[in-house]
Amino acid sequence: MDSRISGFYKLPVEERRETIADLADLSAEATEAIGGTGLDDDRADTVSENVIGTLEYPLSVATNFRVDGEDRLIPMAIEETSVVAAASYAARMARTQGGFETEVDAPRMIAQIQAVDVADPQAARMRILKEKERLQELADEQDPTLVKFGGGCEDIEVRVIDTPTGQMVVTHLIVNVQDAMGGNAVNTMAEALAPEIEALTGGDVEMRILSNLADRRLARATCTIPPEELADEDSEFTGEEVRDRIVDAWAFAMGDPYRAATHNKGIMNGIDAVTTATFNDWRAMEAGAHVYAARDGYDSLTSYEVDADGNLACSIELPIQVGTVGGATGLQPVAQAAMEILDVDSAEEMAGVLASVGLAQNLAALRALVSEGIQQGHMSLHAQNLAIQAGAEGDQIDAVASRMIEEGDIGQAQAEAILEELEE
Ligand SMILES: CC(C)(COP(=O)([O-])OP(=O)([O-])OC[C@H]1O[C@@H](n2cnc3c(N)ncnc32)[C@H](O)[C@@H]1OP(=O)([O-])[O-])[C@@H](O)C(=O)NCCC(=O)NCCSC(=O)C[C@@](C)(O)CC(=O)[O-]
Ligand SMILES: NC(=O)C1=CN([C@@H]2O[C@H](COP(=O)(O)OP(=O)(O)OC[C@H]3O[C@@H](n4cnc5c(N)ncnc54)[C@H](OP(=O)(O)O)[C@@H]3O)[C@@H](O)[C@H]2O)C=CC1
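Residues numbered from 1 in each chain as written. Chains lettered and ligands numbered in written order. Predicted model: local features only at pLDDT ≥ 70, side-chain atom pairs only at ≥ 80, totals over all residues. Heavy atoms only, no water.

The name an unreviewed UniProt entry assigns to the chain is 3-hydroxy-3-methylglutaryl coenzyme A reductase, from the organism Halodesulfurarchaeum formicicum. Entered under Sequence similarities (unreviewed entry) in the UniProt record, the comment concerning the chain runs "Belongs to the HMG-CoA reductase family." (UniProt positions renumbered as here; feature names shortened; annotations may be inferred.)

Peer 1: What am I meant to see in the layout of surface pockets here?
Peer 2: The gaps of empty space that remain are located by a probe, the size of a water molecule, rolled over the atoms. Reported here for the second largest pocket is a volume of approximately 170 Å³. Around the second largest pocket sit 14 residues that line it, and Arg295, Asp299, Ser300, Leu301 and Thr302 are the ones nearest its centre. Sorting the residues of the lining of the second largest pocket by element identifies α9 (239–255), β9 (302–306) and β10 (312–319) as the ones contributing at least two each. Grouping the amino acids of the lining of the second largest pocket by side-chain chemistry returns five nonpolar, five polar and four charged. (1 Å grid on protein atoms, 1.4 Å probe; cavity = no way out; pocket = protein on both sides within 12 Å on 5 of 7 lines; lining within 4 Å. Points joined across faces, edges and corners; volume = space filled by probe spheres on them. Helix = DSSP H or I, 4+ residues; strand = E, 2+ residues; numbered from the N terminus. Nonpolar A, V, L, I, M, F, W, Y, C, P; charged D, E, K, R; others polar.)

Peer 1: Is there a simple way to think about the site of ligand 1 in this case?
Peer 2: Residues in contact with ligand 1 amount to 30 residues; listed here are only the nearest, Arg4, Gly7, Ser82, Arg259 and Lys265. Contact distances for ligand 1 include 2.9 Å between an oxygen atom and a side-chain N or O atom of Glu80. Interatomic distance of 2.8 Å between a side-chain N/O atom of Ser82 and a nitrogen atom of ligand 1. Starting from 1100 Å² of accessible surface for ligand 1 in isolation, the protein chains cover 81%. The set of elements that each furnish at least two residues to the shell around ligand 1 consists of α4 (83–95), α10 (257–277), α13 (347–370) and α14 (374–389). Split by residue class, the shell around ligand 1 holds twelve nonpolar, eleven polar and seven charged. Looking at the shell around ligand 1, you find at least three residues from each of domain 1 (8–102 + 218–372) and domain 3 (376–423). (Near = heavy atom within 4 Å. Polar contact = N/O pair within 3.5 Å; in protein donor to acceptor, adjacent residues only side chain to side chain. Areas by Shrake-Rupley, 256 points an atom, 1.4 Å probe, with all protein chains shown as cover. Domains from an automatic or database assignment.)

Peer 1: Got a minute to help me understand the packing of α4 against α13 in this structure?
Peer 2: If you want to describe how two helices pack, look at the angle between their axes and the distance between the axes. Contact geometry of α4 with α13 gives a least axis separation of 8 Å together with a crossing angle of 95 degrees. Judged on the interaxial angle alone, α13 and α4 are roughly perpendicular. Contacts between α4 and α13 pair Val83, Ala86, Ala87, Tyr89, Ala90 and Met93 from the former with Ala360, Gln361, Leu363, Ala364 and Arg367 from the latter. Of the residues contributing to the contact of α4 with α13, the split by class is nine nonpolar, one polar and one charged. (Axes fitted to C-alpha atoms, helices over the stretch in contact; angles between N-to-C directions. Parallel < 35°, antiparallel > 145°, perpendicular 65-115°, else oblique. Contact = heavy atoms within 4.5 Å.)

Peer 1: What am I meant to see in the domain arrangement of the chain here?
Peer 2: Often the size quoted for an interface is simply the accessible area lost on bringing the parts together. Domain annotation of the chain identifies domain 1 (8–102 + 218–372), domain 2 (108–211) and domain 3 (376–423). Averaged C-alpha coordinates put domain 2 and domain 3 at centres separated by 57 Å.

Peer 1: Honestly, the state of the cysteines in this entry has me stumped. Any pointers?
Peer 2: Should the sulfur atoms of two cysteines be covalently bonded, the bond is a disulfide. Scanning all chains against the criterion turns up zero disulfides. Lacking any disulfide linkage, Cys223 is separated from the closest cysteine sulfur, that of Cys314, by 3.9 Å. Looking at Cys223, the relative accessible area reads 3%, which means it is buried. (Disulfide = S-S within 2.5 Å. Buried < 20%, exposed > 50% of the residue type's maximum accessible area, 1.4 Å probe, protein only.)

Peer 1: I would appreciate a short explanation of the sheet that holds strand β4 (residues 108–116) in the present structure.
Peer 2: In a beta sheet, neighbouring strands pair by backbone hydrogen bonds and run either parallel or antiparallel. One open sheet holds the four strands; their spatial order is β5-β6-β4-β7, and the pairing between them is antiparallel. The strands lining the two open edges of the sheet, one partner per strand, are β5 (152–163) and β7 (204–211). The average angle at which neighbouring strand axes cross in this sheet is 20 degrees, direction not considered. In the packing of helix α8 (residues 183–201) onto the sheet, contacts are made with β4, β5, β6 (166–176) and β7, and the angle to β7 comes to roughly 155 degrees. (Pairing = 2+ DSSP bridges.)

Peer 1: Which parts of the structure should I look at to understand a negative patch on the surface?
Peer 2: Taken together, Glu15, Glu18, Asp22, Asp25, Glu29, Glu32, Glu340, Asp343 and Asp345 make up a surface patch of like negative charges. Within the residue set of the negative patch, elements represented by two or more residues are α1 (13–23) and α2 (28–35). Structurally, the position occupied by Asp343 is in the loop between α12 (333–342) and α13. (Patch = residues over 30% accessible without salt bridge, like charges linked within 9 Å, V, L, I, M, F, W, Y side chains within 5 Å. Salt bridge = Lys/Arg side-chain N within 4 Å of Asp/Glu carboxyl O. Lys, Arg positive; Asp, Glu negative; His and termini not counted. Charge placed at Lys NZ, Arg CZ, Asp CG, Glu CD.)

Peer 1: How do you make sense of the packing of α9 against α13 when you look at a structure like this?
Peer 2: Their axes nearest at 9 Å, the elements α9 and α13 cross at an angle of 110 degrees. Our classification of the angle between α9 and α13 gives roughly perpendicular. The handedness of the crossing between α9 and α13 is right-handed. Of the residues in α13, those in contact with Val242, Arg245, Ile246 and Ala249 of α9 are Leu363, Leu366, Arg367 and Val370. Across the contact of α9 with α13, the residue classes tally to six nonpolar, no polar and two charged. (Left-handed = near helix turned anticlockwise from the far one by under 90°.)

Peer 1: I'm lost on the sheet that holds strand β8 (residues 218–225) in this one. Help?
Peer 2: Spatially, the four strands line up as an open sheet ordered β3-β8-β10-β9, and their pairing is antiparallel. In this open sheet, the two edge strands, each paired with only one partner strand, are β3 (101–104) and β9. Adjacent strand axes in the sheet meet at a mean angle of 15 degrees when their direction is disregarded. Both β3 and β8 contribute to a ladder of four bridges, which runs antiparallel. When the bridges of β8 are listed, Glu101 appears paired with Thr222. Relative to β9, α9 is tilted by about 140 degrees, and along the sheet it contacts β9 and β10.

This is the structure we're talking about:
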């Protein structure tokens, strides 16, 4: 399968759908689901509460991705223009040097059991650690399926922490959750172990819940971009200048949390879009990514440097907590189709792809920001939306959008003014 589909975006929607169905060898159900309406009322009513309908997102596919030597089509669901285009652009740059290389930790989640009012916290800690093996066995008994697939509770750690209401003994279950995101699986284990922890500490167990700081489940991706890929003949800057300016952009995010928040938001544009398309829990991903970025003072999740050959060496590291089984992933037919497009064999493989998408997204945004600026690409693609919001219909949409792009003045007021003129 070749994910390099030049000009994919110029095809009509129907033709794009057929191309992807063909390339990804989609099942008849998946193809039908993508062209259909997604969740029906009955299914939606089991996914959430007080349901009154469903909300549609566009389902897009980013092209040009090669990850660990394999071409990939990336399903993305997002309401923001230019994100999918940008990911495809960066993936095109990266594939000139073989694409993205990834390295992913085993899928280990942490569940926390909080004990308060413990008389001697350090002694209680030692008592829990002495019983570690028995506690691990008890945890594993809660999820024989997970154990059967090679997962289960692999370790127990105990921390004594200082808090505004006094010291607490916090037990961490380190659980290999295999292909699951793991939220439900580890929470069940934590709840089952609570009475044991209460007995061992002599305190009160209050909270039993997973931690979204999934720092035992990190994914890393790297890529290398030759300077000539970073600027075309119309660019005001040479490739070397763009490369160096990208390194300065990264340094800005390392030195300033105001910038780092936006820099990392750009990374999550891509990761959240894939997480949403596959009906995974994007709030967990967001929480984990930002707290990981804050571990030594909030800064960038990516890094950039110039390598010995003068190329831009790009990398990312962040926790990825997604599943290919469990949670809500199997409930939404379009999300299942998205999983078929993604075509990953495990949650680990999916984590590597997500890290690559995050890196691509950041690289594309930084390239645009340090050269022509973000508005040219982003606002040109947003122009049609503005035209529609101004009331344009049919042919008027393109007419209003192209006038705004031509005149370099893209905004709601301008769209309304052009439409008024056209209607006179
Ligand atoms: C938008 C582009 C890609 C245009 O860039 P361009 O120079 O017009 O692109 P091109 O015509 O040279 O095409 C290059 C490739 O880009 C893709 N491409 C090109 N156009 C399309 C399209 N319409 N639809 C789908 N794919 C498109 C496509 O893969 C194409 O290859 P081809 O198919 O031609 O062989 C560029 O300007 C860009 O990368 N801009 C960055 C946009 C961005 O990052 N948006 C995110 C939203 S802004 C934000 O929320 C985050 C931010 C920016 O604040 C984060 C931060 O501050 O760090
Ligand atoms: N803070 C947070 O992020 C929280 C998140 N959540 C939610 O948790 C949900 C995810 O929980 P999760 O535990 O993944 O979901 P599930 O419990 O739905 O799925 C996990 C289960 O699937 C079964 N399973 C079958 N095949 C495999 C396999 N190959 N690898 C692993 N497990 C397999 C296992 O056992 P079995 O068949 O016995 O079930 C496992 O326990 C998400 O919906 C998330 O929103 C919940 C609470 C808090």
